[in-house]
There are 2 protein chains.
Amino acid sequence: MSDVSVSPSPVLSSMNALWQARYGTPPPATPLPESPVARSLMTHRSVRRFSPTPLPDGVLEAAVATAQSAPTSCNLQAWSVVAVHDAARRARLAKLAGDQEFITQAPLFLVWIADLSRLEQVGRAQGRELPGLDCLDTFMASVMDATLAAQNAAAAFESYGLGTVYVGAVRNHPEAFATELGLPPRAVAISGMSVGYPDRKHPTGIRPRLPQSTVLHTERYDPAAANDPATIAAYDQRLHAARVSQGLPARDWTASVLARMGDVAALHGREHLPRSLRSLGFVLGQE
Amino acid sequence: MSDVSVSPSPVLSSMNALWQARYGTPPPATPLPESPVARSLMTHRSVRRFSPTPLPDGVLEAAVATAQSAPTSCNLQAWSVVAVHDAARRARLAKLAGDQEFITQAPLFLVWIADLSRLEQVGRAQGRELPGLDCLDTFMASVMDATLAAQNAAAAFESYGLGTVYVGAVRNHPEAFATELGLPPRAVAISGMSVGYPDRKHPTGIRPRLPQSTVLHTERYDPAAANDPATIAAYDQRLHAARVSQGLPARDWTASVLARMGDVAALHGREHLPRSLRSLGFVLGQE
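All of these numbers come straight from a predicted model, not from anything done at the bench.

Draft legend 1. Representation of the environment of G24(B) within the structure. Positionally, G24(B) belongs in the loop between α2 (15-23) and α3 (36-42). Apart from residues lying up to four places away in sequence, G24(B) is in contact with W19(B) and R238(B).

Draft legend 2. Summary view of the side chain of R243(B). Residues and elements named next belong to chain B. Mapped onto the elements, R243 comes out in helix α12 (residues 229-245). Here R243 occupies a buried position and makes no salt bridge, while the nearest side chain of opposite charge, D252, is found at 8.8 Å. If near-sequence neighbours (up to four positions away) are discounted, R243 is found in contact with R207, L248, P249 and R251.

Draft legend 3. Expanded view of the pattern of salt bridges. Tallying each qualifying case throughout the model produces 18 salt bridges over all chains. The shortest N-O distance in the salt bridge between R186(A) and D134(A) comes to 2.9 Å. You can see R186(A) sitting in the loop between α9 (174-181) and β4 (187-196) and its partner D134(A) sitting in the loop between α7 (117-125) and α8 (136-159), a full 52 residues away along the chain. A residue is classified by how much of its surface remains accessible, and D134(A), at 27% relative accessible area, is partly exposed. One salt bridge in this structure joins R118(B) and D115(B), with 3.9 Å as the shortest N-O distance. There is no split in this pair, since R118(B) and D115(B) are both buried. Among the ionic contacts, a cluster of salt bridges with common partners joins R89(A), R92(A), E180(A) and E219(B).

Draft legend 4. Spotlight on the relation of the copies chain A and chain B. Rotating chain A by 180 degrees and translating it 0.0 Å along the rotation axis places it on chain B, where the RMSD comes to 0.0 Å. The symmetry that links the two subunits is that of a two-fold axis. Of every C-alpha in chain A, the one belonging to V37(A) sits nearest the axis of rotation, 2.6 Å from it. Looking at chain A, 100% of its interface residues are interface residues in chain B too, so the copies touch through the same face.

Draft legend 5. Main features of the interface of chain A and chain B. Of the residues lining the interface, 125 residues belong to chain A; the matching set on chain B comes to 125 residues. Between chain A and chain B the total buried area reaches about 10,900 Å² when both faces are included, carbon and sulfur atoms providing 64% of it. Ranking the residues of chain A by area buried against chain B places E219(A), Y221(A) and M261(A) at the top, with a combined share of 8%. Linking chain A with chain B are four salt bridges, by the criterion used here. Taking the shortest distance from any N to any O, the salt bridge between R89(A) and E219(B) comes out at 2.7 Å. Counting residues per element, the side of chain A that touches chain B draws most heavily on α8(A), at 15 residues. Considered class by class, the residues forming the side of chain A that touches chain B number 65 nonpolar, 36 polar and 24 charged. By the bridge criterion, three bridges tie strand β1 (residues 79-84) of chain A to strand β5 (residues 216-218) of chain B in an arrangement that is parallel. Paired with V81(A) across the two strands is L216(B), which belongs to β5(B).

Draft legend 6. Just the packing of aromatic side chains, in detail. Residue and element names in this part refer to chain B. All told, the structure shown has eight aromatic pairs over all chains when counted by the stated rule. Residues F139 and F282 carry aromatic rings whose centres are separated by 5.1 Å and whose planes lie at 70 degrees to one another, so their mutual orientation is edge-to-face. Here the residue F139 occupies a position in helix α8 (residues 136-159), and F282 occupies one in the segment after α14 (273-279), the gap between them amounting to 143 residues. Taking the relative accessible area as the measure of exposure, F139 reaches 4% and is therefore buried. According to the relative accessible area criterion, F282 is buried, its value standing at 3%.

Draft legend 7. Broad picture of the sheet that holds strand β3 (residues 163-167) of chain A. If you trace the five strands from one edge of the open sheet to the other, you get β3(A)-β4(A)-β2(A)-β1(A)-β5(B), paired in mixed fashion. A single partner strand is all that each edge strand has here, and the edge strands are β3 of chain A together with β5 of chain B. The average undirected angle you get between the axes of adjacent strands in this sheet is 25 degrees.

Draft legend 8. View of the sheet that holds strand β2 (residues 108-115) of chain B. Taken together, the five strands give an open sheet; going across it, the order is β5(A)-β1(B)-β2(B)-β4(B)-β3(B), and neighbouring strands pair in mixed fashion. Each end of this open sheet is capped by a strand with a single partner; those strands are β5 (216-218) of chain A together with β3 (163-167) of chain B. When the angles between neighbouring strand axes are averaged without regard to direction, this sheet yields 25 degrees. Sheet analysis places strand β1 (residues 79-84) of chain B next to β2(B), joined by six bridges and oriented antiparallel. Paired with A83(B) across the two strands is L110(B), which belongs to β2(B).

Draft legend 9. Highlighting helix α4 (residues 59-69) of chain A. The buried fraction of α4(A) amounts to 10 of the 11 residues, a majority that puts the element mostly inside the structure. V59(A), L60(A), A62(A), A63(A), V64(A), A65(A), T66(A), A67(A), Q68(A) and S69(A) are the residues of α4(A) that are buried.

Draft legend 10. Up close: the pairing of β3(B). All names here are of chain B. By the criterion of burial, β3 is predominantly enclosed, with five of the five residues buried. Burial along β3 is two-sided: G163, V165 and V167 and T164 and Y166, pointing in opposite directions, are all buried. Across five bridges, the pairing between β3 and strand β4 (residues 187-196) is antiparallel. The residue of β4 that forms the bridge with Y166 is M193.

Calculation rules
Along each chain, the written sequence defines residue order, and numbers are assigned to residues from 1. Working convention: letters from A go to chains and numbers from 1 go to ligands, in the order in which they are written. Predicted model: local features are reported for residues with pLDDT of at least 70 only, side-chain atom pairs are reported and counted for 80 or more only, and whole-chain, interface and lining totals are derived from all residues. Heavy atoms from the whole structure form the basis of all side-chain values; hydrogens and water molecules are not counted. The helix count covers DSSP runs of H or I at least four residues long, the strand count covers runs of E at least two residues long, and both are numbered beginning at the N terminus. Note on contacts: a residue pair is in contact if any heavy atoms of the two residues lie within 4.5 Å. Think of it in three bands: with a 1.4 Å probe and only protein chains considered, a residue is buried below 20% of the maximum accessible area for its type, exposed above 50%, and partly exposed in between. Counting rule for charge: Lys and Arg are taken as positive, Asp and Glu as negative, and neither His nor the chain ends is counted. What counts as a salt bridge is simple: a side-chain nitrogen of Lys or Arg found within 4 Å of a carboxyl oxygen of Asp or Glu. For the least-squares superposition of copies, only C-alpha atoms count, and only for residues with pLDDT at least 70 in both. In short, buried area is how much 1.4 Å probe accessible area vanishes from two parts on joining, totalled over both. Residue polarity follows a fixed list, in which Ala, Val, Leu, Ile, Met, Phe, Trp, Tyr, Cys and Pro are nonpolar, Asp, Glu, Lys and Arg are charged, and the others, Gly among them, are polar. We treat two strands as partners when DSSP finds at least two bridges between them. Pairing of aromatic rings covers Phe, Tyr and Trp, the last through its six-membered ring, and needs centres within 6.5 Å; plane angles under 30 degrees mean stacked, over 60 mean edge-to-face, and all others mean tilted. Axis definition: a line fit to C-alpha positions, over the contact stretch in the case of helices; interaxial angles, taken between N-to-C directions, run 0 to 180 degrees.

Everything listed is a geometric property; what it means functionally is a separate question.
The structure is reproduced here in C-alpha cells:
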C-alpha cells in the first residue's frame, strides 16, 4: 500500500493496486477492467503542499474545456469560474478561507461559482421575469452544474501531473468572497480549488474510504449495510492507521464526524449559509 | 465537426478537434496539452438511446471505486448510490422521472443520493446529537459530495465505451423516489444516471457550449464578458444550427432559458423541493 500511496505517477499503478490502497481489501474476484481514465481518477489524493512552479501554457484552457464538456442541467450552464493568479489576492482569499497556507503556495486558485446571474441577464435582455430562478431547486442545479464542471477540471489537471485540493472554506465568508471577486447578484463561490505541482518532498497518500458495501446499494437502499457497526469500526481502525502512517494527526472516522457535526461552531460561519445566500441575491423559495 | 460528433471512439480525436466541436471556433494559439483523460472528458455527450446489452462484469464496481476516490467534504462521504437493474423497477422510476424512455431502455439506472442518514446513525451509535446535520451548508455539502462521486463514475463509464445521461427529473417527485428505493430519513435522490452501450444507429452529437470568455474570469468576475449580447447571440445561432444538424427540435439557448425559467410549472414539481426535503427529514436551517 505504501508504494501506491506515494507513487509520483498516476498511470503506473494497476486498478487492483489502487483498489487495495483505497479500500484496504483485495479487489473483487471479477477482474476490474483497466482504463487510463479510471486509474487516474482512482489515484486522486488531495494535495496540500505545492511547488511554486507555474502551470504550463494551455493547461487552464484545456481544463476549462473539460469543465464545459461536463453535463449541465437543461444546458443552462449555470456556473462560472474565477482564476486567481495574483499572489496578493490569493493571500487575501486564503485569510477568508480558513487561513489555509496552500492557497498562497499553489500558483493558481480557482473559485467555482454557482451562477444564476447570467440567466437573469438573459431574461432581462428579453424583458422577461424568470421566476424559476427563485426556486431552491434551481439554486441546487447551479451548485451541481458548478460541481460537475469543477470535478472534470480536477480530473484533467491531475492527468497532467498537477495536484488539486478543494476548499469548502470559501463558504465560511461568502459575502467577503463575492466582494473580493466582484461577483454580481445571484452568484456565490461554492468551492475553491488550489492547483499546482505537488511538492515532491511531501507526497500525499491515498485516503482510505468506507467499503463499497456501505455506499453502493442494489435495487433498494439497505440501512443495515449502510450502518453496520462492525464495518464502521473496521474503517475507523483503517483510517486511523493510514493517517498515522502518513504522518497526519491520529483520528478515526467516527471522531471526525462527531467533531465536524457535533457543534455548529465547527462550521466556521457556514452555518449561516441561508443568510449569506439571501444577502447575495438568491431566493431559495417555493414552499 | 460532424466527424467528431459521431465518432464512436472517445480516444481517437485530438484535443483540437474536440475544442472545435465544443466551441465552434479554432483552438487557442497555445497548443492544448494532450491527455487521454482530458480527451475522454471532452468527448462527453449525453446518450439517450441505448442498446439492451448488459454492462460487463466489474464495470460497476470499478466506477464506484472511482466515485469513492473523488474528493468529499471533510471526508464525511455523505452520499450513497442505488443501482437499479430490475426492469420493472426501472419502469416505475421512469414514470416518476418525466416518463423518459431511456431509463427503461438502458440496463442500469443509478440513483445518486445526498445522504446524511449514515452520519446521523454514527451520532446515534455514540449517543450524540449532531446539530451540524441541520444546517443548509451540510445538505449542500452532501449534494456536492454526491455530484463529485457521480461525475467520476460517469467519466469512468464513458472510458469503457459506455454512454451515460443524468436525470434531474428524479427531483420531480422526491418522496415517491424515496419510497420506491426505501431511503431512510435524511436521504434524497438528487440525480439519476442511465448507463449502457449507446445505440449505434442513433449516435449523439457533441453539444456546443458558451465560449470560455463567458464562464472563465481572470482575477475578478467580468459581468460585461459574462453577458456580452453579441456573444450570446452567436451562441444562440450556433446551438440552433447544431441541434438542427443533429436532428433535434430547432431551439436556441435564449429560448430554452426562457422556457425553463420563465414559468415555475416548467420545473414539473421541482419547485416544491423545500417541502419535499422537509418531508424527507432534512432541516435546512441556521438563519
